[in-house]
Amino acid sequence: MHFFKEKLASTLSGLVGIDETTLTDWIEIPPDKQLGDLAFPCFQLAKSLRKAPQTIASELAPKLMEIPFIVKAEAVGPYVNVHLNRKEAVSYWLLQMQDNRDFFTSSTGQNRAVAIDLSSPNIAKPFSMGHLRSTIIGTALANLLETDGYQVFRINHLGDWGTQFGKIIVAYHRYGDVEAIKKHPIQELNALYVRFHEEAETNPVLEDEGRAAFKRLEDGDKETLDLWRWMVSVSLEEFNRTYAMLGTQFTHVLGESFYNDKMAAVVNELSEKNLLTTSEGAEVVMLEEENFPPCLIRKSDGATLYATRDLAAALYRYRDLGATSLWYVVGGEQRLHFQQLFAVLSRMGYSFANDCRHIAFGLMKIGGKKMSTRKGQIVRLQEVLDEAVRRAKDIIDEKNPGLKSADATAKAIGVGAVIFNDLKTHRIHEINFSLEQAVAFEGETGPYVQYTHARACSVLRKAGLLSGLESTSEWVTEPLDGDVMIQPLQELDSLSYELMKTISYFPEVRKRAINEADPSLVAKHILDVSQDFNRFYHEMPILNAAPAERVFRLRLTDATRLTIRAALEILGIEHPVEI
Ligand code: ARG
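Thresholds applied
Along each chain, numbering runs from 1 in the same order as the chain's sequence is written. In view of the model being predicted, local features appear only for residues whose pLDDT reaches at least 70, and side-chain atom pairs are presented and counted only at 80 or more, with totals across whole chains, interfaces and linings using the full set of residues. Based on all heavy atoms of the structure, the side-chain values leave hydrogens and waters out of the count. Strand pairing is assigned whenever DSSP detects at least two bridges linking the two strands. Numbering goes from the N terminus for both helices and strands, where a helix is a DSSP run of H or I of at least four residues and a strand is a run of E of at least two. Contact between two residues is taken to exist if any of their heavy atoms lie within 4.5 Å; hydrogens are not considered. The axes are straight lines fitted to the C-alpha atoms, using for helices just the contacting stretch, and the angles between their N-to-C directions are given from 0 to 180°. Each residue carries a pLDDT value, the predictor's own confidence for that position, ranging from 0 to 100. Lining residues are those with an atom within 4 Å of a point, where the points come from a 1 Å grid over the protein atoms alone and group into cavities, where a 1.4 Å probe fits but cannot get out, or pockets, open sets with protein on both sides within 12 Å along at least five of seven lines. Grid points are joined across faces, edges and corners, and a volume is the space filled by probe spheres set on the points. Amino acids are sorted into nonpolar (Ala, Val, Leu, Ile, Met, Phe, Trp, Tyr, Cys and Pro), charged (Asp, Glu, Lys and Arg) and polar (every other residue, Gly among them). Summary of the burial criterion: residues with accessible area below 20% of their type's maximum are buried, those above 50% are exposed, and those between are partly exposed, where the area comes from a 1.4 Å probe applied to protein chains only. Note that the arc is defined by the directions from the helix axis to the C-beta atoms. Residues enter a nonpolar core if they are buried and are Ala, Val, Leu, Ile, Met, Phe, Trp, Tyr or Cys, with the set joined through side-chain atoms within 4.5 Å. For each residue, the test is whether any non-hydrogen atom lies within 4 Å of the molecule or strand; if one does, the residue is near. Counted as a polar contact is a pair of N or O atoms within 3.5 Å, where, for protein atoms, one must be capable of donating a hydrogen and the other of accepting one, and residues adjacent in sequence contribute only when both atoms are in side chains. Each accessible area value is a Shrake-Rupley result obtained with a 1.4 Å probe; residue values ignore everything except the protein chains displayed when judging cover.

Caption draft 1: Structural context of the sheet that holds strand β4 (residues 113-117). Pairing is parallel across the open sheet formed by 5 strands, whose spatial order is β6-β5-β4-β10-β11. Only two strands of the sheet have a single neighbouring strand rather than two, namely β6 (252-253) and β11 (356-359). In the sheet, strand β10 (residues 325-329) pairs with β11 via 4 bridges, with the strands oriented parallel. Along β11, the bridge assignment pairs V329 with I359. Across the sheet, helix α13 (residues 306-320) lies against β4, β5 (151-156) and β10, angled at about 135° from β10, the strand it touches most.

Caption draft 2: Up close: the confidence of the model for the chain. In this model, the chain carries an average pLDDT of 93, and 97% of its residues clear a pLDDT of 70 or more. Across residues 373-378, confidence stays below pLDDT 50; counting only partners more than four residues off in sequence or on other chains, it has 15 contacts.

Caption draft 3: A look at empty space enclosed by the protein. In this structure the tally under the stated criterion is 1 cavity of 30 Å³ or more. Estimates place the volume of the largest cavity at around 30 Å³. Contributing to the lining of the largest cavity are R133, I137, D422, L423, T425, R427, D518, P519 and S520. Among the secondary structure elements, those contributing two or more residues to the lining of the largest cavity are α6 (129-147) and α16 (406-423). Grouping the amino acids of the lining of the largest cavity by side-chain chemistry returns 3 nonpolar, 2 polar and 4 charged.

Caption draft 4: The arrangement of helix α20 (residues 506-515) in detail. For α20, every residue scored as buried is listed here: F506, P507, V509, R510, A513 and I514. Taken down its axis, α20 places every buried residue within 160° of arc, on the same side. Just downstream of α20 lies A517, where phi reads positive at about 45°.

Caption draft 5: Layout of the nonpolar core. Of all hydrophobic cores here, the largest spans 159 residues; its most connected members are F40, V80, L84, W93 and I116. It is helix α22 (residues 547-571) that contributes the most residues to this core, 11 residues altogether. Every residue in contact with V80, bar those within four places of it in the chain, is listed here: L38, A39, F40, C42, A57, L60, A61, L64, A73, E74 and A75. Counting residues in hydrophobic clusters, the runner-up holds 38 residues, among them L311, A314, L321 and L326.

Caption draft 6: Spotlight on the site of the ligand. Taken together, D117, S120, N122, H131, H157, Y306, D310, Y328, V330, Q334 and F338 make up the full set of residues adjacent to the ligand. The backbone of S120 places a nitrogen or oxygen atom 2.9 Å from a nitrogen atom of the ligand. Contact distances for the ligand include 2.9 Å between an oxygen atom and a side-chain N or O atom of Q334. When the free accessible area of the ligand is taken as 350 Å², the share hidden by the protein chains comes to 89%. Split by residue class, the shell around the ligand holds 4 nonpolar, 5 polar and 2 charged.

Caption draft 7: Structural detail: the side chain of Q450. Of note, Q450 is situated in helix α18 (residues 446-462). What Q450 contacts, discounting residues up to four positions off in sequence, is A412, I413, G416, L568, I573, E574, P576 and I579.

Caption draft 8: Examining the sheet that holds strand β8 (residues 282-285) more closely. Pairing in this open sheet of 3 strands is antiparallel, and the strands run β7-β8-β9 from one edge to the other. The open sheet has two free edges, formed respectively by β7 (276-279) and β9 (295-298), since each of these has just one partner strand. Going across the sheet, the axis of each strand differs from the next one's by a mean of 45°, ignoring polarity. With 4 bridges joining them, β7 and β8 adopt antiparallel strand pairing. Bridge pairing links T278 to E283 in β8.

Caption draft 9: A look at the layout of surface pockets. Its boundaries defined by the atoms lining it, the second largest pocket holds a volume of some 780 Å³. Residue lining of the second largest pocket: 32 residues in total, with M1, S504, Y505, E508 and V509 positioned closest to the centre. Where the lining of the second largest pocket is concerned, the elements lending two or more residues are α1 (2-16), α5 (86-98), α19 (494-504), α20 and α21 (520-539). Here the lining of the second largest pocket is built from residues that sort into 11 nonpolar, 7 polar and 14 charged.

This is how it looks when you write it as structure tokens:
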């Protein structure tokens, strides 16, 4: 629609003497489709033209009628509502899509690299709902940026270092049941951590023991290191199962421990830049001017901290990987940590601190409850995913008992349902997770969108254009040759037109989603496309339409398929051709 906004703005500019860019921004999309395709509000002109907005609107309307691609322009109160010439608009959009003129991909991000910190679960603790959200949102953002030509580093910053490991080690030696741990490592290790805290309430010696154990780890004591390595490997095994299921890919899996040998340099640099202050034996960076509490760099016993490791990691991403901006997809509760981190980087004189972004998100609750691992209340994520897949399978068995690849499809749908449910709301909102709702084929769900994609595939299959197993990102229908496809049509019906118009918003939605780091815009858009397609599919003959209409409607079905497919790929959701 941007193209038509600009064209309209250029005519308006000559009429009202305001620059095109400003006018383009003023032009709106009417909330009700009946009103037209574009609306120009005249409020802002009232002052300079010294006329009532209504008067301006009625004077402008007839002049806009003279623009060739406009079939109707009418004043409605202070607005001029504009209807485009449908055939002209549709052929523009189809050609734009066909030639991929910034439609599915673009190249704004060329020669720029973004490091996205995502997932980042903690060793010896269950993969939480927060880590799930980070994985899902981070992946979608990474995919989005890649469509715009950015190089993206997908970094899993595993929580594999810190005083908690000293505590777990102490509890392991005191209360550990080796057999039980071997059977359910993460669950048992987490239980040991919980037990440590319970016992430490009445037995303060434990805290000292914990610190000493972590010191042994930092000093490289072999036995302690071996135990830690084992915890890392059993945890990763479990995390990797979840990643395999979600289809998550990382370019770098670099735990906090990776920065151990890079910490001294960071502390030195801070000290050389006169940023370190000693406070109660610990070394901190004061952040009074920024109104933040001091950022803890080194404890009195010499142990480094979460923030120190994040500083080293940021410098590594910037200097060694060459990232020009750093994004952190981490829950909103760590807001202060990232404010402090970015403030310290900025005080160190790094201008890339301005290109650091904490991409925060809200809690995911199940049945209205927050899940906390501290209290040992574990939601087993794997169970949630497995259950989603099981339910998807039940639905498939009922709807389409003969489906060949039923298990793979159930996995695509069950997992897709969980992902879509997360991404359809703006990330900052809390989401309440209900399996029944997420897995349903009706409503605003992943399965609904996937089903619509499969339906479009099925139409194309019946037309002999798509073979049973084929899934392609290429068009399977005939290309549009100039206006050849559109011209022979009697007239363009509303349902086809509205579908094409909705699809045409895709590039604008994609750009906005990138700028606002908000994948929910893509999810919402693709729900709109699905709704419009289903309406079109139910009411308009496609395969049995007259020849010119048939060719055009198949092309439109193909356009729908490609758009849903591209959107699902951005969201990190599979797109089965048959459900
Ligand atoms: N492991 C941390 C946690 O679970 C999240 C790490 C986020 N990333 C970072 N660079 N601090 O709370």
